[in-house]
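Listed here are the chains, written in short residue letters.
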Amino acid sequence: MIADPSDRPALAERLMKPEEVADLVGVKPKTVTDWARAGRIPFTRTPGRQYRFRGADVEALLNDPGADLASEIAALNESGPARC
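Residues numbered from 1 in each chain as written. Predicted model: local features only at pLDDT ≥ 70, side-chain atom pairs only at ≥ 80, totals over all residues. Heavy atoms only, no water.

As for the packing of helix H2 (residues 18-25) against helix H3 (residues 29-37)
Two packed helices can be described by the angle between their axes and the distance between those axes.
Then, in step 1: Closest axis-to-axis distance for the H2/H3 pair is 8 Å, and the angle between their directions is 105 degrees. Taken together, the axis directions place H2 and H3 in an arrangement best described as roughly perpendicular. Contact residues: H2 offers Pro-18, Glu-19, Val-21, Ala-22 and Val-25, while H3 offers Pro-29, Val-32, Thr-33 and Trp-35.
Then, in step 2: Split into classes, the residues belonging to the contact of H2 with H3 amount to seven nonpolar, one polar and one charged. (Axes fitted to C-alpha atoms, helices over the stretch in contact; angles between N-to-C directions. Helix = DSSP H or I, 4+ residues; strand = E, 2+ residues; numbered from the N terminus. Parallel < 35°, antiparallel > 145°, perpendicular 65-115°, else oblique. Contact = heavy atoms within 4.5 Å. Nonpolar A, V, L, I, M, F, W, Y, C, P; charged D, E, K, R; others polar.)

Laid out in structure tokens, this is it:
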């Protein structure tokens, strides 16, 4: 997902907001936090209780063939917005 290989070390060391992860993966930020709560991606929390994700964990999720994000994202798009 990272176009420039020289950016890999920088991504691996960053703490990313849900919005940043969502932009990288192609989902909504809520989906990223849902994945975190479900244990799909490790996270940490700031003192203000905000979610943060290590770039290395995000990259591992993107490169994990068992994660099958493409089909999960397609299913989310087909089902439309969540109903309350």
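Here we look at the sheet that holds strand S1 (residues 15-16)
Then, in step 1: If you walk across this open sheet you meet the three strands as S1-S3-S2, and the pairing is antiparallel. The sheet is open, and its two borders are formed by S1 and strand S2 (44-45), each paired with just one other strand.
Then, in step 2: Against the sheet, helix H4 (residues 55-63) touches S1 and strand S3 (51-54), its axis set at about 70 degrees to S3. (Pairing = 2+ DSSP bridges.)

Some details on the nonpolar core
Then, in step 1: Membership of the largest hydrophobic core comes to 13 residues, with the highest contact counts inside it found for Val-21, Val-27, Val-32, Trp-35, Ile-41, Phe-53 and Val-58.
Then, in step 2: Elements supplying a minimum of two residues to this core: H2, H3, S3 and H4.
Then, in step 3: In this structure, Val-21 is in contact with Met-16, Val-32, Phe-53 and Val-58, ignoring residues within four places of it in sequence. (Core = buried A, V, L, I, M, F, W, Y, C linked by side-chain atoms within 4.5 Å. Buried < 20%, exposed > 50% of the residue type's maximum accessible area, 1.4 Å probe, protein only.)

Brief notes about the pattern of salt bridges
Then, in step 1: Overall, the coordinates contain four salt bridges when judged by the stated rule.
Then, in step 2: A salt bridge links Arg-14 to Glu-20; the nearest nitrogen and oxygen atoms lie 2.6 Å apart.
Then, in step 3: Its relative accessible area of 28% is what places Glu-20 among the partly exposed residues.
Then, in step 4: Ionic pairing is found between Arg-54 and Asp-57, a salt bridge with its closest N-O pair at 3.4 Å.
Then, in step 5: Classification of Arg-54 as partly exposed rests on a relative accessible area of 44%.
Then, in step 6: Each of Lys-30, Asp-34 and Arg-37 takes part in salt bridges that share partners, so that together they form one network. (Salt bridge = Lys/Arg side-chain N within 4 Å of Asp/Glu carboxyl O.)

By themselves, these figures tell us nothing about what the structure is for.
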